[in-house]
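Geometric and topological summary
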Amino acid sequence: MGAYISVTGFFKLLPVIYSIIVITWVSGFDIIYALQDDEFDRSNRIYSIPSAAGKKKALIISIIVHIITVIAVILAGYIGKGGLLFLTGALIFTSLLIYQHLIVKHDDLSRVTVAFGTTNGIASILFAFFVILDLFLRHR
C-alpha cells in the first residue's frame, strides 16, 4: 500500500483490498503452520492461536480468515473490473485454499508442509500470473 502511494501519489481502495488479501491469506496459512508448534508453545507459555485456542479451533479460525481472503479477492475483482483471466486465477487460488483445509486435520498434521509450502507457493504464483496477465491484456 505504501509503495503504491509513494509511486502514484494517490490513495485508492484497490491496493487496500489487495493488502487485506495478503494479510488474511498469510495469517490463515500461518495458523496452519503454527499447529506443529502447539506443544512447544504451550510448554513455553507462548500464546499462539493453536496453543491458546486448541488445534480444532485454530483450524476453524484459519478457515474464517481464509473466507475473508476469498471475499476480498472477489471484491478486488469487482472493484478492479477483473476479467475472465482474473476470475480464473481467483478460482484456482480459492480452490487451493480449500484444498489445504481439506488435507490438514487437527489430529493429523502430516500434510502441513504440503498445505503451507507447496499449496501456497503454487497459489501465489498462479494467482499473480492470472491477475498480471488480466491487467496486461486489458490495458494494452
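Residues numbered from 1 in each chain as written. Predicted model: local features only at pLDDT ≥ 70, side-chain atom pairs only at ≥ 80, totals over all residues. Heavy atoms only, no water.

**Observations regarding the packing of helix H2 (residues 13-34) against helix H6 (residues 84-103)**
Remark: H2 packs on H6, axes separated minimally by 11 Å, with the N-to-C direction vectors making an angle of 20°. One element, H2, and the other, H6, form an angle in the roughly parallel class. H2 and H6 meet at a crossing whose hand is left-handed. Residues Tyr18, Trp25, Phe29 and Ile32 of H2 form the contact with H6, whose own contacting residues are Phe86, Phe93, Leu97, Gln100 and His101. (Axes fitted to C-alpha atoms, helices over the stretch in contact; angles between N-to-C directions. Helix = DSSP H or I, 4+ residues; strand = E, 2+ residues; numbered from the N terminus. Parallel < 35°, antiparallel > 145°, perpendicular 65-115°, else oblique. Left-handed = near helix turned anticlockwise from the far one by under 90°. Contact = heavy atoms within 4.5 Å.)

**Section: the pattern of salt bridges**
If you walk through the whole model with that rule in mind, you get two salt bridges. Its salt-bridge partner being Arg42, residue Asp38 comes within 3.0 Å of it at the nearest N-O pair. Separated by four residues within a single helix, Asp38 and Arg42 lie in helix H3 (residues 38-43), roughly one turn from each other. Judged by relative accessible area, Asp38 falls into the buried class, the value being 6%. (Salt bridge = Lys/Arg side-chain N within 4 Å of Asp/Glu carboxyl O. Buried < 20%, exposed > 50% of the residue type's maximum accessible area, 1.4 Å probe, protein only.)

**Some remarks on the packing of aromatic side chains**
Given two aromatic rings, their pairing is described by the distance between the two centres and the angle made by the two planes. Following the criterion strictly, the structure yields seven aromatic pairs and no others. Seen from their ring centres, Phe86 and Phe127 are 5.8 Å apart, and the 65° between their planes marks the pair as edge-to-face. With a gap of 41 residues between them, Phe86 in helix H6 and Phe127 in helix H7 (residues 112-138) connect regions that are remote in the sequence. By the burial criterion, Phe86 is buried, and Phe127 matches it. Every member of this aromatic cluster is reached through a ring pair, and the members are Trp25, Phe29, Tyr33, Phe86, Phe93, Phe116 and Phe127. (Phe/Tyr/Trp six-rings, centres within 6.5 Å; stacked < 30°, edge-to-face > 60°.)

**As for the side chain of Thr69**
Mapped onto the elements of the fold, Thr69 is located in helix H5 (residues 55-79). Looking at Thr69, the relative accessible area reads 0%, which means it is buried. What Thr69 contacts, discounting residues up to four positions off in sequence, is Ile21, Thr24, Trp25, Phe93 and Leu97.

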